[in-house]
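Structural description and commentary
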Amino acid sequence: MPLTIRPATPADADAVAKIWYHGWQDGHLGNVPDALVRIRTRESFWERAADRIGDTTVAALDGEVAGFVMVVGDEVEQVYVSSEHRGSGVAGVLLAEAERLVSTGGHSRAWLAVAPGNARARRFYERCGWVDEGEFDNRVAGPEGLISVPCLRYAKTVA
C-alpha cells in the first residue's frame, strides 16, 4: 500500500502523540533547557496532539500513521516520523507537504526552529534545501510563563 498524505483526524491523535513523544525525546533530551523537559511530560504530548489535530497532516502507510507535520502560518512547527520509518523517505515527503501548505497559505518563505544539538534533524533539513539563519530565543509557553529555548532558525523559500 502506498504512502498516503492527509489531514489528521481525531482518530489519529493517539498515534501522533506516540510518535511525537518518542521523537521529541530522541531529538531534545540533553539539547534543551531542563525547564522545557519538565513541562514536556508524557501526558502533555497526548493533550497537545488532540488539541492540534487541525494543524496536523499525517503520512499513513498500510493504514497506520508513520509520521506527521504541524504547520501554522509560515512556520513548520513539528516534523516527526516514527522510529520504524526513519530513513524510509517519509520525512522528506512530509516536509515537502509542509512546504506546500506554507506556500498555499500565501507565504513565500517557511521557517522552523531546531535545537542546535539535534544534529540528525539539522542534517535532514539541510539536505532538503533549508538554510540555517542563525540563533534565536524561542519562547515556549509553560504553566509559569515563557521558557527561553535557544534554537536555530532554519528557512526555505517555498513560492
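Just so it is clear, the structure is predicted and the values come from calculations on it, not from any experiment. (Residues numbered from 1 in each chain as written. Predicted model: local features only at pLDDT ≥ 70, side-chain atom pairs only at ≥ 80, totals over all residues. Heavy atoms only, no water.)

Looking only at helices and strands, one finds five helices and seven strands in the protein. Over its C-alpha trace the protein gives a radius of gyration of 15 Å, about what one expects of a compact globule, namely 15 Å for 159 residues. Oriented by its inertia axes, the alpha-carbon framework of the protein measures out at about 45 × 35 × 30 Å. Taken over 159 residues, the protein has a buried fraction of 43%. Residue pairs in contact within the protein that sit at least 24 positions apart in sequence constitute 66% of those at least 6 positions apart. For the protein, the accessible surface area stands at approximately 8,100 Å², while carbon and sulfur atoms represent 50% of it. When the 17 basic and 22 acidic side-chain charges of the protein are each reduced to a single mean position, those positions are 3 Å apart. (Helix = DSSP H or I, 4+ residues; strand = E, 2+ residues; numbered from the N terminus. Rg over C-alpha atoms; globule rule 2.2 N^0.38 Å. Buried < 20%, exposed > 50% of the residue type's maximum accessible area, 1.4 Å probe, protein only. Contact = heavy atoms within 4.5 Å. Areas by Shrake-Rupley, 256 points an atom, 1.4 Å probe, with all protein chains shown as cover. Lys, Arg positive; Asp, Glu negative; His and termini not counted. Charge placed at Lys NZ, Arg CZ, Asp CG, Glu CD.)

Next up on the list: helix 1 (residues 13–28). For helix 1, built from 16 residues, the straight-helix expectation of 22 Å at 1.5 Å per residue is met to within 8% by its first-to-last C-alpha distance of 21 Å. For helix 1, the full list of buried residues reads Ala13, Val16, Ala17, Ile19, Trp20, Tyr21, Gly23, Trp24, Gly27 and His28. Against the buried residues of helix 1 lie helix 2 (34–39), helix 3 (42–51), strand 2 (56–61), strand 3 (64–72) and strand 4 (75–81). Two residues or fewer after helix 1 comes glycine 30, characterised by a positive phi angle close to 85°. (Expected span 1.5 Å × (residues − 1).)

Moving on, we come to the nonpolar core. The nonpolar side chains of soluble globular proteins are, as a tendency, buried together. Of all hydrophobic cores here, the largest spans 24 residues; its most connected members are Trp20, Trp24, Leu36, Phe68 and Val149. Counting residues per element, the ones that place at least two in this core are helix 1, helix 2, helix 3, strand 3 and strand 7 (145–157). For this core, the element with the highest residue contribution is helix 1, accounting for seven residues. Dropping the residues within four chain positions of it, valine 149 is found in contact with Val32, Pro33, Leu36, Phe136, Asp137, Asn138 and Val140. Membership of the second largest hydrophobic core comes to 22 residues, among which are Leu94, Val102, Ala110 and Ala121. (Core = buried A, V, L, I, M, F, W, Y, C linked by side-chain atoms within 4.5 Å.)

The subject of this paragraph is the layout of surface pockets. Here the largest pocket is characterised by a volume of approximately 990 Å³. Those elements that provide at least two residues to the lining of the largest pocket are helix 1, strand 4, helix 4 (90–104), strand 5 (109–114), helix 5 (119–127), strand 6 (131–142) and strand 7. Ranked by residues supplied to the lining of the largest pocket, first place goes to strand 4 with seven residues. Across the lining of the largest pocket, the residue classes tally to 20 nonpolar, eleven polar and ten charged. Taken as a whole, the second largest pocket encloses approximately 220 Å³ of empty space. Surrounding the second largest pocket, 15 residues form its lining, Lys18, Ile19, Val65, Ser82 and Glu84 being those nearest its centre. In terms of residue count, the dominant contributor to the lining of the second largest pocket is helix 1 (five residues). Of the residues assigned to the lining of the second largest pocket, the class counts are six nonpolar, five polar and four charged. (1 Å grid on protein atoms, 1.4 Å probe; cavity = no way out; pocket = protein on both sides within 12 Å on 5 of 7 lines; lining within 4 Å. Points joined across faces, edges and corners; volume = space filled by probe spheres on them. Nonpolar A, V, L, I, M, F, W, Y, C, P; charged D, E, K, R; others polar.)

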